[in-house]
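# A look at the structure
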Amino acid sequence: MDEKEFHVLIKHYFMKGKTPQETKEKLDKHYGDSAPSIRID
């Protein structure tokens, strides 16, 4: 999946009030290894 498409999905989950962890779990479930990782600064 294209990076822009993930950006749209992440924004969608954010607008629904999901936490970054919940979003990551959903992306992993549907896209597996293709999903972006969580960046920890």
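The paragraphs below set out a description of the structure included in this document. None of these values were measured; they are calculated from a predicted model.

### Some points on the overall build of the chain
Helix and strand counts for the chain come out as two helices and zero strands. Burial status across the chain gives 15% buried among its 41 residues. A total of about 3,800 Å² of accessible surface is found on the chain, and carbon and sulfur atoms cover 52% of it.

### Here's the deal with the packing of aromatic side chains
Inspection of the entire model under this criterion finds one aromatic pair. Taking 5.5 Å as the distance between ring centres and 85° as the angle between the ring planes, the aromatic pair formed by Phe-6 and Tyr-31 counts as edge-to-face. Placement of the pair is Phe-6 in helix H1 (residues 3-15) and Tyr-31 in helix H2 (residues 20-31), with a sequence separation of 25 residues. We classify Phe-6 as buried; its relative accessible area is 6%. Looking at Tyr-31, the relative accessible area reads 32%, which means it is partly exposed.

What counts as what
- Residues numbered from 1 in each chain as written.
- Predicted model: local features only at pLDDT ≥ 70, side-chain atom pairs only at ≥ 80, totals over all residues.
- Heavy atoms only, no water.
- Helix = DSSP H or I, 4+ residues; strand = E, 2+ residues; numbered from the N terminus.
- Buried < 20%, exposed > 50% of the residue type's maximum accessible area, 1.4 Å probe, protein only.
- Areas by Shrake-Rupley, 256 points an atom, 1.4 Å probe, with all protein chains shown as cover.
- Phe/Tyr/Trp six-rings, centres within 6.5 Å; stacked < 30°, edge-to-face > 60°.

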